[in-house]
Amino acid sequence: MYDLLIRNGTIVDGSGGARYPADLAIQDGKIAAIGRINEKSRQTIDAEGHVVSPGFVDGHTHMDAQVFWDPLGACSCYHGVTSVVMGNCGFTLAPCKQEDADLVFRNLERAEDLSRDAMLAGIDWSWETFPQFLDAVDGLPKGINYAGYIGHSAVRTYAMGERAFTDQATEADVKMMCHVVKEAVQAGAMGFSTSRTVNHLTADDRPVASRVAHWDEVRAIVNAVGETGKGVFEIAGEAPGRDPERIRAYHRRLRDLAVESGVTQTWGMFSLRVAPELWRPYFDLLDETAQAGGRMFAQVHSRALNTLLSFESHTPFDNWELWSDIRSLPLAQQQQKLRDPSLKAKLVEIGSRKYTGPRIVGAEPRPPEWDYVFPMADMREGAPSMATLAREKGVNPVELMIDMALERDFKMFFRQPIANENQDHVLEMMKHPRSVVTFSDSGAHVAQIMDSSLQTHLLSYWVREKQALSLEEAVRQITYNTATLWGLHDRGLLRTGMAADVVIFDPDTVGAGYPEIVADLPAGAKRLKQTANGMLSTIVNGEVLLSNNIHSGALPGRLLRC
């Protein structure tokens, strides 16, 4: 008797091959049979009218802290994700002694919008080294599977202390970092990650620790990873600007490191409306590196990278004159104040001024360009901009934003794209043979962006609505491709003997639900939450985790070691 039998489904197996009708049986956490199955089972799911696919694999998350207070793995789990890679961009909680936790919090707090109070309240610190951290994660109850890099900023602060934020490493420092990283990879770390992007700052506007490092330090550590014969190097890249010579020099460094170290290299790439020519040379670099004998792949998104604005979370004006006084009040009082015509007029006038405040980085809400701010009455794309709507109504866009939010009792979001504005570019990047669709950033920017739904958006928008990708192509992108590139070779395909991570969804209705703001983080911190439509069941290691977004009570997730 099988443990679980999925009957009458349409198999899309992750390989890219054509779909076919079949049953799927699970036994002892593995796929036991696929075909016409007559044997009995302890549990049966009728999947008629639904697609049965491998669980989705997300290679770019920041769930290192969240895993300690959220056994379920929300919001990724709601969108069919059964395995995630955390520790991206150099940000990890290990190696670090508990008494030095402020050093890693300093790296994470602003760069990844993670509440220091939530981390202090929610993390039960029981490690110093990265192998000990992996053991701690291994022992946690988990709904989904986790793998993790060791991060450069944590390694640097472990080796150098406060000097990590100001100084270049000594030879002894680098030697220690190389040893620590090799030890981590040999214990099962997915590889090594770093950040060199100007978007990653501490709360006091200093570069995070990894950004201080000279390239020779990065090179030495990645070559140390190469000595293990496994692992991936992930980099949140530099910003060489638009100077072709500077771009070319940076690309040569990336290419040469991939070739010399033998370590698979990956980085994320977006299109930018202010510099639409920048992204294509990076994709040429992928092919160039392969021809030179290295392995490199790009992580791409399935839509615009959007900051979500809401009076329940953040608006662009939270720290502006007068606005800051109003925004510090309870929401009910804010609504009352905003309905005062004279006060609203003052707020509109202030909100229409030129911004002169502190530098805005990353996914932080920025002063609005109203032609590129869009109301989100629902999850459909294509709504007119706030500038267009304001012109039609003969009002100021700031006033319109206030009125629309009040009409919906503040249950209203406004989408502010900060990258990938051109959807033709998004499709071209997704179709590149050396790219993979991932980069949700789940676990970070928790009150700023909500991209845990990039997989269900891929299925609803690009497959169903635009018909720009076949269902088989899209499923392969978020299952086999992601699992294989990160070395999770027992996942990402529906094959007998492989791990039974399975998603059952309705292709006619699958898609992201409307987000909401909840205050359920440790210490009462707020976050965005978004479930999905059309997801019948999510199965992890052979056990049903979710049915129609409802948790079964099972926590079958595991730590996945490289």
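In the block above lies the structure referred to throughout.
Just so it is clear, the structure is predicted and the values come from calculations on it, not from any experiment.

Omega for the peptide link from Ala74 to Cys75 comes to 10 degrees, which places this bond in the cis form. Look at the link from Ala94 to Pro95: it is a cis peptide, with omega at 5 degrees. Inspection of the secondary structure puts Pro95 in the loop between strand S7 (81-86) and helix H1 (101-109). Phi is positive for Asp441, which is not a glycine, with a value near 60 degrees. Among the structural elements, Asp441 can be located in the loop between strand S17 (435-437) and helix H16 (454-465). One non-glycine residue, Gln467, lies in positive phi territory at about 50 degrees. One can find Gln467 in the loop between H16 and helix H17 (471-478). Residue Gln467 is classed as exposed on the basis of its relative accessible area of 66%.

Among the nine residues of H1, seven are classified as buried, and the element is accordingly described as predominantly covered. Listed in full, the buried residues belonging to H1 are Ala101, Leu103, Val104, Phe105, Arg106, Asn107 and Leu108. Here the buried face of H1 lies against helix H2 (116-122), helix H4 (152-160) and helix H6 (209-212).

Time to look at the sheet that holds strand S16 (residues 413-419). Ordered in space as S14-S16-S15, the three strands form an open sheet in which the pairing is antiparallel. Edge positions in the sheet fall to strand S14 (305-309) and strand S15 (374-376), since each of these pairs with one other strand and no more. Strand after strand, the sheet turns through a mean of 40 degrees between neighbouring axes, direction not considered. When S15 meets S16, the two strands line up antiparallel, connected through three bridges. Within the sheet, the bridge partner assigned to Phe374 lies in S16 and is Arg415.

Helices that pack against each other are described as a pair by the angle of their axes relative to one another and the distance between those axes. H4 packs onto H1 with a crossing angle of 150 degrees between their chain directions and a minimal axis gap of 10 Å. Of the possible angle classes, the one that applies to H1 and H4 is roughly antiparallel. The handedness of the crossing between H1 and H4 is right-handed. Here H1 contributes Leu103, Val104 and Asn107 to the contact with H4, which in turn contributes Ser153, Ala154 and Thr157. Its residues assigned to classes, the contact of H1 with H4 shows three nonpolar, three polar and no charged.

In globular proteins that are soluble, nonpolar side chains generally tend to be buried together. Within the largest apolar cluster, 116 residues are counted, with the highest numbers of intra-cluster contacts made by Leu93, Ile123, Trp267 and Phe505. Here the element with the most residues in this core is helix H5 (residues 171-186); it accounts for seven residues. Leave out the neighbours within four places in its chain, and Leu93 touches Asp64, Ala65, Phe68, Val104, Phe105, Leu108, Ile123, Trp125, Trp127 and Phe133. One finds Val348, Met401, Leu406 and Phe410 within the second-largest nonpolar core, a separate group that totals 27 residues.

Now for the pattern of salt bridges. Enumeration according to the criterion identifies 40 salt bridges in this entry. Arg19 is the salt-bridge partner of Glu472, the closest N and O atoms lying 2.8 Å from each other. Of this pair, Glu472 sits in helix H17 while Arg19 sits in the loop between strand S1 (2-11) and strand S2 (20-27), and the two are 453 residues apart along the sequence. Between Arg561 and Asp135 there is a salt bridge, with its nearest N and O atoms 2.9 Å apart. Taken as a pair, Arg561 in the segment after strand S25 (550-551) and Asp135 in helix H3 (residues 130-138) lie far apart in primary sequence, 426 residues in all. With a relative accessible area of 47%, Asp135 lands in the partly exposed category.

Cut-offs and rules
Residues numbered from 1 in each chain as written. Predicted model: local features only at pLDDT ≥ 70, side-chain atom pairs only at ≥ 80, totals over all residues. Heavy atoms only, no water. Helix = DSSP H or I, 4+ residues; strand = E, 2+ residues; numbered from the N terminus. Buried < 20%, exposed > 50% of the residue type's maximum accessible area, 1.4 Å probe, protein only. Contact = heavy atoms within 4.5 Å. Pairing = 2+ DSSP bridges. Axes fitted to C-alpha atoms, helices over the stretch in contact; angles between N-to-C directions. Parallel < 35°, antiparallel > 145°, perpendicular 65-115°, else oblique. Left-handed = near helix turned anticlockwise from the far one by under 90°. Nonpolar A, V, L, I, M, F, W, Y, C, P; charged D, E, K, R; others polar. Core = buried A, V, L, I, M, F, W, Y, C linked by side-chain atoms within 4.5 Å. Salt bridge = Lys/Arg side-chain N within 4 Å of Asp/Glu carboxyl O.

The quantities given are spatial measurements derived from coordinates; they are silent on function.
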